Every structure is written in C-alpha cells, then in structure tokens.
Amino acid sequence: LRYELYQLMLRFPLPHFKTTSAGELIPMIVAETEPIGGFIGESISLPVFQGGLLITYMVFIFNQNLWLGLAAIALYPPQVYLIPRLQRKINLLSKDRVTTARQLADRIGDSVAGSAEIRGNDTYALESADISERLGKIYAIRYDIYKRKYFVKFLNNFLAQVTPFGFYSAGGYLVIKGNLSLGALVAVLA
C-alpha cells in the first residue's frame, strides 16, 4: 500500500508539488497507512465470525420459542438504523482531524524553514498564536470525536443490555405462569 501511494505521488502533476508540502505527503505514506492494514483484515474476518455466531444463536433461539426469537431480534432495527448514522459523523470528524493535523505539520515546516525571518522580524508571538489556534482546533475536534464515540458506545451497550433485562423480566413472568420452560429461558439467556 505504501509503495502504491508513493507511485501515485510520483505521478502527481508538477504544479501540485508547489502547493503541497512534503510535511503533508510523508505522514500519508509512512504513518497513516498503518491502521489500514489491521482494518482490512478485521473487515473480513470479524463480520464472518460474528455473523456465523449470530445465525447460530438465532436458529437455536427460534427453535426454542418463536416469541423468544422475535424478542431477541426486536432491538436490532434501532441499532441498524441509529449506530451507522452516528458513526458517520465520527468518521467525518476524524477526516477533519487528519486534515487539520496535516495543515499543522505543514505550518510547523514553514516555521522551521522561515525561522530566520521569524527571528529577524520578531514575530514569535504571531507564530505562537497561529500554532496555538491550530492546536486548539485539533483539541476541539478530538473532544467532539470522543464525546460522540463514547455516546455511541453507551447506546450500543445500553441496547445490548436491554434485551437480557427483557428476557429476565418477561421470560421470568412466563416461566412463573407456566407458558415457558425454565430450560428454554436459560438456554436463550446463555
């Protein structure tokens, strides 16, 4: 992947190199490709494994009791609807964070290259204020990402725990009334 990115970079039009700094291109090729490798492997293996488990569990639960099976899948539609929409905003913020970090790296590179001018014109305060503003923007983006990310985790965990609570509540009532066997309830909960 890094090699292909390097090959693509060499094919950029020459005017593009005048507007894009090396500080922006180097992290793309060297550091930002690292998480992609792990993601590609997990994007295939994890859905296959988890999907197989889900199908096995659902077949078992529906064989035990139709109503238990329907109750088990009742909260999937809200999860399927809400979680991707919330995650999409997190992904957009992550892209914005990466772009802002690249701009910061480019600005720091400019400061290093122009350090003689900064000293000669005594613009330490101006340069420091610019960097401070950029760091503040990155911090605000990261804070927003973490707030949203942990809300999604909370929502996922809440929805995951509501189902067993419902099984204990409604299933326990049905067991007491004699409409459901205790074995079927325990098997579904397990």
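No experiment lies behind these values; they were computed from the predicted model shown.

1. Comments concerning the side chain of Q79
- Within the secondary structure layout, Q79 lies in helix α6 (residues 76-113).
- In this structure, Q79 is in contact with P84, N156, L159 and A160, ignoring residues within four places of it in sequence.

2. As for the packing of helix α4 (residues 34-64) against helix α9 (residues 182-189)
- Running from N to C, α4 and α9 cross one another at 165 degrees; their axes reach a closest spacing of 10 Å. For the element pair α4 / α9, the angle class is roughly antiparallel. For the pair α4 and α9, the crossing hand works out as left-handed. Between α4, through F60, I61 and Q64, and α9, the contact on the second element is made entirely by A184, A187 and V188.
- For the contact of α4 with α9, the per-class residue count stands at five nonpolar, one polar and no charged.

3. Things to note about unusual backbone geometry
- Unusually for a residue other than glycine, D122 sits at a positive phi of about 55 degrees.
- Among the structural elements, D122 can be located in the loop between α7 (115-121) and α8 (124-177).

4. Brief notes about the layout of surface pockets
- Space inside the largest pocket adds up to approximately 440 Å³.
- Along the wall of the largest pocket there are 20 residues; nearest its centre are M58, I61, Y76, T163 and V188.
- Put simply, the parts of the chain that give the lining of the largest pocket at least two residues each are α4, α6, α8 and α9.
- Examining the composition of the lining of the largest pocket, we find that seven residues originate from one element, α8, more than from any other.
- A breakdown of the residues in the lining of the largest pocket according to their chemical character gives 16 nonpolar, four polar and no charged.
- By volume, the second largest pocket is sized at about 250 Å³.
- Forming the walls of the second largest pocket are Q87, I90, N91, S94, R97, R142, I145, Y146, K149, V152, K153 and N156.
- For the lining of the second largest pocket, the secondary-structure elements that each account for two or more residues are α6 and α8.

5. What to know about the pattern of salt bridges
- Tallied over the full model, the rule gives four salt bridges.
- When the shortest N-O distance is used, the salt bridge between E127 and R107 registers 2.8 Å. In this pair, E127 sits in helix α8 while R107 sits in helix α6, placing the two residues 20 residues apart along the sequence. Across the pair, exposure class does not vary: E127 and R107 are buried alike.
- Across the pair R134 and D130 runs a salt bridge, and its minimum N-O distance is 3.1 Å. Of this pair, R134 and D130 are both found in helix α8, four residues apart, which corresponds to roughly one turn of the helix.
- Each of R107, E127, D130 and R134 takes part in a single network of salt bridges with overlapping partners.

6. Here we look at the nonpolar core
- M58, I61, L68, A72, F167, L180, A184, L185 and V188 together form the largest nonpolar core, which totals nine residues.
- Counting residues per element, the ones that place at least two in this core are α4, α5 (66-72) and α9.
- Among the elements that line this core, the one with the most residues is α9, at three residues.
- Discounting chain neighbours no more than four positions away, the residues touching L180 are N65, L68, G171, L174, V175 and L185.
- Grouped together as the second largest cluster of nonpolar side chains are eight residues, I83, L93, I141 and L159 included.

Cut-offs applied
Residues numbered from 1 in each chain as written. Predicted model: local features only at pLDDT ≥ 70, side-chain atom pairs only at ≥ 80, totals over all residues. Heavy atoms only, no water. Helix = DSSP H or I, 4+ residues; strand = E, 2+ residues; numbered from the N terminus. Contact = heavy atoms within 4.5 Å. Axes fitted to C-alpha atoms, helices over the stretch in contact; angles between N-to-C directions. Parallel < 35°, antiparallel > 145°, perpendicular 65-115°, else oblique. Left-handed = near helix turned anticlockwise from the far one by under 90°. Nonpolar A, V, L, I, M, F, W, Y, C, P; charged D, E, K, R; others polar. 1 Å grid on protein atoms, 1.4 Å probe; cavity = no way out; pocket = protein on both sides within 12 Å on 5 of 7 lines; lining within 4 Å. Points joined across faces, edges and corners; volume = space filled by probe spheres on them. Salt bridge = Lys/Arg side-chain N within 4 Å of Asp/Glu carboxyl O. Buried < 20%, exposed > 50% of the residue type's maximum accessible area, 1.4 Å probe, protein only. Core = buried A, V, L, I, M, F, W, Y, C linked by side-chain atoms within 4.5 Å.

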